[in-house]
Amino acid sequence: MATGRLSGIDFFIVIIYLIGMIVFGIRIGRFIKNDRDYFLAGKKLPWWAIGMSMVVSDIGALDLVGVAGAAYLYGITLANFEWIGCIPAMIIGAFVFIPFYWRTGVFTIPEYLGRRYNRFVRTVVALISGIFMAFLLGIFLFTAAKAINILIGWPEYVSILVVAAVVGIYTLFGGLTAVVYTDAIQCVIMFAGSGIILITALIKIGGWGELVETVSSMGEHYSHHFELLVPVDSPTPYGWAGVIFGLSFVLSPAYWLGNQAIVQRTLGAKSEYEAKKSVLWGSFLKLFIPIILVGPGLAGIVLHPGLEKSDDLYPILIHDLLPPGLTGLVFAAFLAALMSSVDSYLNSAATIWTKDIYQAIFVPNKSDRHYMLTGKTFIVIFLVLGVILAPISGRFPTIYGYFQTVFSIFQGPLLAIIALGLLWKRATGFGASVGLVLGVMTSSTLFWVKDLVFTAQEPFLYIAWWAFIAALLTTIAASLVTKPDPSIRWEKAAAPRIEVEE
Amino acid sequence: MKTVIAELIVPFAEVLYAIVFSIPLWAVRAFVFAILAALAVWILKMPPQLPEADESTIQSKLADLRYFALAVITLQALLYVIF
């Protein structure tokens, strides 16, 4: 396993960066007075910061390492996850879903579902999302520690504690405001750091043309490495059918329109216009993400052919290509990528548990300040839980992939009820409840029998598609046999609009 | 039980696999461009997406978010033309 070590100047850069994040979060915390300030940044966030925060939150702990490694094996098709797998969904979200969420003034997606449908749907979605996010924090911390260990050789427990302490302090004190502004800074650092690796690698190879020519001449295995859409029977898990149907039509819209960790920051925009603009800005930035994530993977094919473990590529490139100082910047970029995911999930998990579970079910009618303090308490609980769970999740090597797959079971049905709730007036609470349950049952069953039914090794894209279809049809059928909800007022304007009451 | 359920699904899955394998890659690419084109047409048909009146005194056409979205879609389509 390739590992590098930070020099004095690199350490200095990283430490300044970490201290800067903490000081920034604490200073922002002085302006927070109530739960609206804490969870929605007082609805004062500018579009540019929200867009950058959305994009960088999507780049997880192991993505810099993992995507470069996967691109090394499968080529540019990985870019579909950022392009056709993000941009159409983000544009539709910008004009239809996000303005609607913003206008209703909700704190969370489950809260919207509760208003649109009923308490059962809200509670089920809140519990699944809340539990998933809380447990995912432990896995994020562990995968982050593992990646830091690969990159610079720090012991895993040191990395877990450092990341948890830094993210915990600025998220605890600064709420969503700190999360979004630190993410924006982290976005700049991530682009700069990853861009440096790609540019340095391309200079060494002799340019993009040389890279394409060399890789294309390396044999049959590399014949599809510069094709975005690859045949279903090509030697990759990302054949076109799964990419188009599972990723573009289901998982991507479910993620960009229904994931609390992504949507929450748009709810804190200054205005509806800025909320829309933030998502479009994010979609523009998404165009460049594959360049910095996939590019180094492709360059690695030429610079380091025949690697046994493709995930070792990124640390090897850092080690081989960068001088002291730049290594520190790239390592800071790596920390930025992982911290932005941890802070988003930490903040959103606390929001869901406070607003949809604690306030909605157990302790209603308390002051705004009470719920803000409850949110802070949940952040501490989840952080401690994350630190405890992180080493445990490390004992189960496939737990991250397993958790993602399990969550994908829920994504298709969630998208079906969110979309029908917004686009079809006739959708009822009973219909959504039945659709949600049967959709999850469909995906669970397909997940259970996947080895006997699917040819793809990891068929989560296909499972998500069929679960979405099942939930959609079931919700429509069950809604048509029940009476429409008289409290829903429908207004068709530029984009479909509905008004819902508590 | 697992085998029984799988046996019920497999014939349906085989038909779908046959359909998917028979679709040429050029048709898939055309479908992707059709999605992007449909998105662009939908955006063009929307009313101008300008800031609320009190947000900005100058209502420049460049502030219309539809143009921003169209630029992103065009760049996206260009990438799928290249690769």
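Residues numbered from 1 in each chain as written. Chains lettered and ligands numbered in written order. Predicted model: local features only at pLDDT ≥ 70, side-chain atom pairs only at ≥ 80, totals over all residues. Heavy atoms only, no water.

A. Geometry of the overall build of chain B. Helices and strands together make up the secondary structure of chain B, namely three helices and zero strands. Principal-axis analysis of the C-alpha atoms gives chain B an extent of 65 × 35 × 20 Å. Here chain B, with 83 residues, has 34% of them falling under the buried criterion. Contacts in chain B between residues at least 24 apart in sequence constitute 47% of all its contacts with a sequence separation of at least 6. Averaging the coordinates of the 5 positive side-chain charges in chain B and doing the same for the 6 negative ones gives two points 11 Å apart. (Helix = DSSP H or I, 4+ residues; strand = E, 2+ residues; numbered from the N terminus. Buried < 20%, exposed > 50% of the residue type's maximum accessible area, 1.4 Å probe, protein only. Contact = heavy atoms within 4.5 Å. Lys, Arg positive; Asp, Glu negative; His and termini not counted. Charge placed at Lys NZ, Arg CZ, Asp CG, Glu CD.)

B. The state of the cysteines, seen in detail. All names here are of chain A. Summed over all chains, the structure comprises zero disulfides over all chains. Among the cysteines around C187, which has no disulfide bond, C86 carries the closest sulfur, lying 14 Å off. Among the residues examined, C187 registers a relative accessible area of 2% and is labelled buried. (Disulfide = S-S within 2.5 Å.)

C. Just a nonpolar patch on the surface, in detail. Taken together, the side chains of A:F11, A:I15, A:I19 and A:V23 define a hydrophobic patch exposed on the protein surface, amounting to about 330 Å² of accessible area. As for its placement among the helices and strands, A:F11 is situated in helix 1 (residues 8–29). (Patch = residues over 30% accessible without salt bridge, like charges linked within 9 Å, V, L, I, M, F, W, Y side chains within 5 Å. Areas by Shrake-Rupley, 256 points an atom, 1.4 Å probe, with all protein chains shown as cover. Salt bridge = Lys/Arg side-chain N within 4 Å of Asp/Glu carboxyl O.)

D. Looking closely at the pattern of salt bridges. Residues and elements named next belong to chain A. Tallying each qualifying case throughout the model produces nine salt bridges over all chains. The closest approach of N and O atoms between K286 and E82, which form a salt bridge, is 2.4 Å. You can see K286 sitting in helix 12 (residues 272–286) and its partner E82 sitting in the loop between helix 4 (63–74) and helix 5 (87–104), a full 204 residues away along the chain. Of the two residues examined, K286 and E82, each falls in the buried class. The partner of K276 in a salt bridge is E272, and the shortest N-O contact between them spans 3.8 Å. With K276 and E272 both in helix 12 and four residues apart, the pair spans about one turn of that helix. Taking relative accessible area as the criterion, K276 reaches 11% and is therefore assigned buried. Via salt bridges that share partners, D58, E82 and K286 belong to a single interconnected network.

E. Geometry of the nonpolar core. Residues and elements named next belong to chain A. In terms of nonpolar packing, the biggest core is built from 205 residues, with I91, Y101, L113 and M339 touching the most fellow members. Counting residues per element, this core draws most heavily on helix 15 (residues 326–362), which supplies 19 residues. The residues touching L113, leaving out its near neighbours within four places in the chain, are N118, V121, V125, L414, I417 and I418. (Core = buried A, V, L, I, M, F, W, Y, C linked by side-chain atoms within 4.5 Å.)

F. The packing of helix 3 (residues 47–57) of chain A against helix 12 of chain A, seen in detail. Residues and elements named next belong to chain A. Where helix 3 contacts helix 12, the axes come no closer than 7 Å and their chain directions differ by 45°. With respect to helix 12, the axis of helix 3 lies oblique. Relative to helix 12, the crossing made by helix 3 is right-handed. Of the residues in helix 12, those in contact with W47, W48, I50, G51, M52, M54 and V55 of helix 3 are E274, K277, S278, V279, W281, G282, L285 and K286. For the contact of helix 3 with helix 12, the class distribution of residues is nine nonpolar, three polar and three charged. (Axes fitted to C-alpha atoms, helices over the stretch in contact; angles between N-to-C directions. Parallel < 35°, antiparallel > 145°, perpendicular 65-115°, else oblique. Left-handed = near helix turned anticlockwise from the far one by under 90°. Nonpolar A, V, L, I, M, F, W, Y, C, P; charged D, E, K, R; others polar.)

G. Examining the interface of chain B and chain A more closely. Counting residues at the interface gives 43 residues for chain B and 44 residues for chain A. A buried area of about 3,900 Å², summed over both sides, lies between chain B and chain A, and 82% of it is on carbon and sulfur atoms. Three residues, B:K2, B:L65 and B:F83, lead the burial of chain B against chain A; their summed loss comes to 17% of the area buried on that side. Linking chain B to chain A there are zero salt bridges. Joining chain B to chain A, the criterion identifies seven residue pairs in polar contact (both at pLDDT 80 or more). (Buried area = accessible area lost by both parts, 1.4 Å probe. Polar contact = N/O pair within 3.5 Å; in protein donor to acceptor, adjacent residues only side chain to side chain.)

This is a description of form; function is not addressed.
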